[in-house]
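Listed below, chain by chain, are the residues.
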Amino acid sequence: MIASDSHDLCLVIDFGSQVTQLIARRLREASVFCEIRPYQSVDDALLDDLRPKAVILSGGPASVRDAESPRAPQKVFELGVPVLGICYGQQVMIEQLGGRVEGGHHREFGRAFVEPAGAHREDSIFAGLFGTGREEVWMSHGDRVTDLAPGFEILGKSPNAPYAMIADYDRNFFAVQFHPEVHHTPNGRKLLENFTRLAGFKGDWTMGAYREEAIAKIREQVGDAKVICGLSGGVDSSVAAVLIHEAIGDQLTCVFVDHGLLRLGEAEEVVTMFRDHYNIPLVHADESELFLGELDGVSDPEEKRKTIGRLFIDVFQKHADEIDGAKFLAQGTLYPDVIESVSFSGGPSVTIKSHHNVGGLPEKMGLKLVEPLRELFKDEVRALGRELGLPQSFIGRHPFPGPGLAIRCPGEITREKLEILRQADAVFIDQIRRHGLYDDIWQAFVAILPVRTVGVMGDGRSYDFACALRAVTSVDGMTADYYPFTHEFLGETATRIINEVNGINRVTYDVTSKPPGTIEWE
């Protein structure tokens, strides 16, 4: 890791909650460095190695009443550092320290209100709460604590969680039954910030510091060897490339793979930006025929991703052989990519979708990985990009997936469908910019649907493709809701697409949130 060697660390032990990443996000927002580790990977040796300044136990789907349910190492409670248990983490803490957890009570999911109970202290993590007499929180539990462990006292309760907030002040152990990390708990961020303040964190996790440390780490790792960077043209790989170039200069060569799945005019923009503006050595590898040929007839989304990932590796292998002294491959892998690609249970994970730039690189490639963004979330990458001087117009671009338009083209991919999709997407984004909405939206795009529909255009009958507009609001991409365009906007946009794009005669708008859907269609 880059940061844990030089910053105080808050260790988040993950018991499998779907929102564990949000704990890390809230801590990073408070300028506190943290790491998420699956519970089964945390043992006494790791705790000795990491020397965390505080520990947070996450929620999870298991029941502590089950014999094989996850536990925290007992040493966590012997480190002498503050510990915070959240939901399942509260139950684990109480069970391991001598209390009691029971099931069979009324379950509690969604919005709830916690009333104060017991004496509050101003140096508590609950300081500043209950300003309106009660706290709105987000619950998600079936089991609940019924008997406190020795040393704990009650500070808050809800109708179905009699020990919703508890504390052992002597040991700086705190626990809540609700989820402070989610936006549905309005004062959850304040609670987590109070916890980091009580633990004595300096709040020195900044992009300026990260930049300096990352550059030093890259130089130490690479030495005088050469690096090839897989440049997609997106924000992640671009920030990684500029950062690595600042560290090692012309030892870096960027390989921009044009897989034929980019948006309208995107390849030209990338080449101009990196060759002309940054003067970074760049190989423009037009491999569109290779990729589209291999994808011909492929309709399964996972097969699409894996095919694209495999071909990326093959292409990099080919160009690495042409660069004398290349020993490293740089990627723009982000922290959510790493977490989503690892099962918290240590066994086979339930894969939502594979990430083509995480793992799976064959040893035959002969290149070691450089992943300087591996510890960062998306908004942190943008902050680092601003720190590096990349233009805001580029930094603020909506996320674009590594597999490109392949996953916005459900069903089989054809050159005809890709060209129609490019044109429709360009019109949609132009509409969003014209109406001043671009920066209000996390991500917007068009998906071309694998169906043709009957239409009437002029005096003739058409039989063309339907498309779906997709625009979502989000904080970190983990959860998302559709953007509430006006009917006037949608009508105007649909009219433009049908009039300006040959091949589409029907436009729909996707109003699915995440969850249950994903942001991308595949």
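These numbers were taken from a predicted model, which means no experiment stands behind them.

## A short note on the overall build of the protein chain
Secondary structure summary: the protein chain contains 14 helices and 20 strands in total. Computed over its C-alpha atoms, the radius of gyration of the protein chain comes to 25 Å, within 12% of the 24 Å expected for a compact globule of 522 residues. C-alpha extents for the protein chain along the principal axes are approximately 75 × 65 × 40 Å. When each of the 522 residues of the protein chain is scored for burial, the buried share is 57%.

## A word on the pairing of strand β18 (residues 460-473)
Within β18, 10 of the 14 residues are buried, leaving the element largely enclosed by the surrounding structure. As paired strands, strand β17 (residues 443-457) and β18 are joined by 12 bridges and run antiparallel to one another. For Thr453, the partnering residue across the bridge sits in β18 and is Asp464. Direction of pairing for β18 relative to strand β19 (residues 481-482): antiparallel, over a ladder of two bridges. In the strand pairing of β19, Val472 is matched with Tyr482.

## Some words on the UniProt feature "binding site: ATP" (unreviewed entry) in the protein chain
The UniProt record annotates "binding site: ATP" (unreviewed entry) at Ser232, Gly233, Gly234, Val235, Asp236, Ser237 and Ser238. With respect to the helices, strands and loops of the structure, Ser232 is situated in the loop between β12 (226-231) and α6 (235-248). Beyond its immediate sequence surroundings of up to four residues, Ser232 is in contact with Ser237, Phe256 and Leu262. You can see Ser237 is positioned in helix α6. You can call Ser237 buried: its relative accessible area is 6%.

## Concerning the UniProt feature "active site" (unreviewed entry) in the protein chain
In this numbering, the UniProt entry assigns the feature "active site" (unreviewed entry) to Cys87, His179 and Glu181. The greatest C-alpha distance among the annotated residues, which extend across 95 residues, is 11.0 Å, indicating that they converge on a single site. Here Cys87 is to be found in the loop between β4 (83-86) and α3 (88-96). Relative accessible area serves as the criterion here: at 4%, Cys87 is assigned to the buried category. If we ignore the near neighbours within four places in the chain, the residues touching Cys87 are Gly59, Ser140, His141, Val176, Gln177, Phe178 and His179. Looking at the element boundaries, His179 is found in the loop between β11 (173-176) and α4 (188-199). Since its relative accessible area comes to 6%, His179 is described here as buried. With residues near it in sequence (within four places) discarded, His179 still touches Ser17, Val19, Gly59, Ile86, Cys87, Trp138, Ser140 and Thr185.

## Considerations on the sheet that holds strand β15 (residues 326-330)
Ordered by their spatial adjacency, five strands build an open sheet running β14-β13-β12-β15-β16, and the pairing between neighbours is parallel. The strands lining the two open edges of the sheet, one partner per strand, are β14 (282-286) and β16 (368-370). Across this sheet, the average inter-strand angle for adjacent strands is 30 degrees, counted without regard to direction. As defined by bridge partners, β12 adjoins β15 across four bridges and the pair is classed as parallel. Each bridged residue has a counterpart across the sheet, and for Ile228 the counterpart in β15 is Leu329. Contacts between α6 and the sheet are confined to β12, β13 (252-258), β15 and β16, with β12 contributing the most and set at about 160 degrees to the helix. The sheet contacts of helix α9 (residues 301-322) involve β12, β13, β14 and β15, and relative to β13 the element is tilted by about 140 degrees.

## Comments concerning unusual backbone geometry
Of the consecutive residues Lys514 and Pro515, the connecting peptide bond is found in the cis state with omega at -15 degrees. Checked against the element boundaries, Pro515 lands in the segment after β20 (504-509). For the bond running from Pro515 to Pro516, omega is 15 degrees, close enough to zero to count as cis. Positionally, Pro516 belongs in the segment after β20. For Ser31, which is not glycine, the phi torsion reads 60 degrees and is therefore positive. Residue position: Ser31 is located in the loop between α1 (20-29) and β2 (33-38). A relative accessible area of 23% means that Ser31 is categorised as partly exposed.

## Regarding the pairing of strand β9 (residues 153-158)
As paired strands, β9 and strand β10 (residues 161-168) are joined by four bridges and run antiparallel to one another. Counted as the bridge partner of Ser158 is Ala161 from β10. In this antiparallel pair of consecutive strands, β9 and β10, the connection spans two residues.

## A short note on the side chain of Arg28
Turning to its location among the elements, Arg28 is positioned in helix α1. Accessibility expressed as a relative area gives 5% for Arg28, which makes it buried. Within polar-contact distance, the side chain of Arg28 engages the backbone oxygen of Cys34 at 3.5 Å.

## Considerations on the domain arrangement of the protein chain
Parsing the protein chain into structural domains produces domain 1 (10-199), domain 2 (207-393) and domain 3 (415-509). Taking only C-alpha atoms, the centre of domain 1 and the centre of domain 2 are 37 Å apart.

## So, the pattern of salt bridges
Scanning all chains against the criterion turns up 31 salt bridges. Salt-bridge contacts for Lys75 lead to Asp48; the nearest nitrogen and oxygen are separated by 2.4 Å. Here the residue Lys75 occupies a position in the loop between β3 (54-57) and β4, and Asp48 occupies one in helix α2 (residues 44-50), the gap between them amounting to 27 residues.

## Looking at the environment of Ile313
Tracing the sequence through the fold places Ile313 in helix α9. On the accessibility criterion, Ile313 (13% relative accessible area) is buried. Distance from Ile313 to Gly230, taken between C-alpha atoms, is 9.6 Å for residues 83 residues apart in sequence.

## Description of the nonpolar core
Membership of the largest hydrophobic core comes to 122 residues, with the highest contact counts inside it found for Ile432 and Phe485. Considering each element in turn, this core owes the most residues, nine residues, to α6. With residues near it in sequence (within four places) discarded, Ile432 still touches Leu437, Tyr438, Ile441, Ala444, Phe485 and Phe489. Grouped together as the second largest cluster of nonpolar side chains are 37 residues, Cys10, Val114, Leu191 and Phe377 included.

Rules of the game
- Residues numbered from 1 in each chain as written.
- Predicted model: local features only at pLDDT ≥ 70, side-chain atom pairs only at ≥ 80, totals over all residues.
- Heavy atoms only, no water.
- Helix = DSSP H or I, 4+ residues; strand = E, 2+ residues; numbered from the N terminus.
- Rg over C-alpha atoms; globule rule 2.2 N^0.38 Å.
- Buried < 20%, exposed > 50% of the residue type's maximum accessible area, 1.4 Å probe, protein only.
- Pairing = 2+ DSSP bridges.
- UniProt positions renumbered as here; feature names shortened; annotations may be inferred.
- Contact = heavy atoms within 4.5 Å.
- Axes fitted to C-alpha atoms, helices over the stretch in contact; angles between N-to-C directions.
- Polar contact = N/O pair within 3.5 Å; in protein donor to acceptor, adjacent residues only side chain to side chain.
- Domains from an automatic or database assignment.
- Salt bridge = Lys/Arg side-chain N within 4 Å of Asp/Glu carboxyl O.
- Core = buried A, V, L, I, M, F, W, Y, C linked by side-chain atoms within 4.5 Å.

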